Amino acid sequence: MDIQSRRGVIKAGAIGALAAPFVGSAHAAGQTWKVQSTWDAGTTGYKLFETWCNSFKEKSGGELTILPFAAKSVAADNNALFEAVKAGVLQGMNPWTLYWAGKIPASVFLSSYPAGPDQPSQWDTMFYGLGMLEMAREIYAKHGLYFVGTIQHDANVIHSKVPITSLAEMKGKKIRLPGGMVSEVFQQFGVSTVALPGSDIFPALEKGTIDAADFVGPAVNYDLGFHQVTKYILMGPPGTMSVYQPVDLMDLTVNMGAWKRLSKKMQAFVEEQVKSYSLTQYVAIQKANVDAMVKFAAAGTTVSRLGQDDVDAFRKAAIPIWFNWARKDADAARVFKLQLDYMKSGVLGYVTDADLKGQKL
């Protein structure tokens, strides 16, 4: 067998291992998990999540059934979701990872942040190559939770009722943003930031109580009807949809007790399924984004992109805020230190010692 053929066999075997059904003990007791997502019902993201969850019973040979729930269907808000999983009312959640900034400061560094690492591959490298997954699991364990793994989905973009083509034009605008580090950077440019859950964005835009809103990518935002209440989209420079949340990670996090009740083989199976689903969701949403942008154009939406001067100004404003968040506790500091070393490395070269002058952990 030649080298090329051998590589093909190895690749096919690896893919087959991910796709193959779990073969467990004939005596393994079946378990059922209730898992709530932060995706709204009916969106592209929730449909993908629902299909994935519904596949578990067959793939696990009946050892694990996952019942999917859309945003707010069991726990009414994000705080209630966190507490419901911690208490075991729900066995798991599929949230946006950085939602827990108030509870877990390090979580702001477990998903992309303003002017930080901006490619999905960089985040996979940090989690699965540089040891960040183990850090995340240690941090979440302190709250009685098991961080199974990250789920790639998309970048975030801003939809606006008024034209915005630069950071300067954001001054004085009232914009829905996710809070934490993201809001603090935008505030440096005179933005009045507002925190709203995803389901409240459309009515706020419709009523004009906000001028613009960040949410996820074009496909889901079209599902939510943003083209009906806004006429403008603001993105990063070509090739980067967003400079403030370019890789907005989701994850699967479960109650520690529920996790420990799984067999070791089933735990490994669930972890591999999360890795596989991360790719499935990501590419499906990117394809849907391409289709959605055609629909936005047909609805009369105008797209603007920030220029390099704005990107440079945004990074300059963001760097001190990185360090402020990293100093909030020891866990935040050690996660950020891993990322800072990576950003300074010869591989990325995102920041230099001159950029970091005067900043300390």
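Residues numbered from 1 in each chain as written. Predicted model: local features only at pLDDT ≥ 70, side-chain atom pairs only at ≥ 80, totals over all residues. Heavy atoms only, no water.

Caption draft 1: Focus on the pattern of salt bridges. Evaluation of the coordinates by the stated rule reveals 10 salt bridges. One salt bridge connects aspartate 331 with lysine 142, and the closest N-O pair in it is separated by 2.7 Å. Note that aspartate 331 is positioned in helix α14 (residues 330-344) and lysine 142 in the loop between α6 (132-141) and β4 (145-154), a separation of 189 residues in sequence. Residue lysine 142 is classed as exposed on the basis of its relative accessible area, which comes to 59%. A cluster of three or more residues bridged by salt bridges with shared partners is formed by Glu138, Lys142, Asp331 and Arg334. (Salt bridge = Lys/Arg side-chain N within 4 Å of Asp/Glu carboxyl O. Helix = DSSP H or I, 4+ residues; strand = E, 2+ residues; numbered from the N terminus. Buried < 20%, exposed > 50% of the residue type's maximum accessible area, 1.4 Å probe, protein only.)

Caption draft 2: Examining helix α12 (residues 264-298) more closely. With 35 residues, α12 ought to run about 51 Å at 1.5 Å a step, and its terminal C-alpha atoms sit 51 Å apart, in line with that. Following α12 by one or two positions, glycine 300 has its phi on the positive side, about 90°. (Expected span 1.5 Å × (residues − 1).)

Caption draft 3: Structural view of the packing of helix α5 (residues 120-128) against α14. Across the interface, α5 lies against α14 with an axial gap of 11 Å and an inter-helix angle of 130°. In terms of their interaxial angle, α5 and α14 are classed as oblique. The crossing of α5 and α14 is right-handed. Listed contacts from α14 to Gln122, Trp123, Thr125 and Met126 of α5 are Leu338, Gln339 and Tyr342. When the residues that make up the contact of α5 with α14 are grouped by side-chain class, the tally is 4 nonpolar, 3 polar and no charged. (Axes fitted to C-alpha atoms, helices over the stretch in contact; angles between N-to-C directions. Parallel < 35°, antiparallel > 145°, perpendicular 65-115°, else oblique. Left-handed = near helix turned anticlockwise from the far one by under 90°. Contact = heavy atoms within 4.5 Å. Nonpolar A, V, L, I, M, F, W, Y, C, P; charged D, E, K, R; others polar.)

Caption draft 4: Representation of the environment of alanine 136 in the model. By the element assignment, alanine 136 lies in helix α6. A residue is classified by how much of its surface remains accessible, and alanine 136, at 0% relative accessible area, is buried. For the pair formed by alanine 136 and proline 114, sequence separation is 22 residues and the distance between their alpha carbons is 20 Å. Residues within four places of alanine 136 in sequence aside, it is in contact with Leu110, Phe127 and Phe147.

Caption draft 5: Representation of the sheet that holds strand β2 (residues 64-69) within the structure. Strand order in the open sheet formed by 5 strands is β2-β1-β3-β10-β4, and the pairing between neighbours is mixed. Each end of this open sheet is capped by a strand with a single partner; those strands are β2 and β4. The sheet shows a mean angle of 25° between the axes of neighbouring strands, taken without regard to direction. One ladder, built from 2 bridges, connects strand β3 (residues 92-94) with strand β10 (residues 248-255); its direction is antiparallel. If you follow methionine 93 over to β10, its bridge partner there is threonine 253. Most of the contacts of helix α4 (residues 78-87) go to β10, to which it runs at about 35°, and overall it touches β1 (31-37), β3, β4 and β10. (Pairing = 2+ DSSP bridges.)

Caption draft 6: Expanded view of the side chain of threonine 230. Secondary-structure assignment places threonine 230 in the loop between α10 (226-229) and β9 (232-235). By relative accessible area, which is 3% here, threonine 230 ends up buried. A distance of 2.8 Å separates a polar side-chain atom of threonine 230 from the backbone oxygen of phenylalanine 226. Not counting chain neighbours up to four residues away, the residues in contact with threonine 230 comprise His159, Ser160, Lys161, Leu205 and Thr301. (Polar contact = N/O pair within 3.5 Å; in protein donor to acceptor, adjacent residues only side chain to side chain.)

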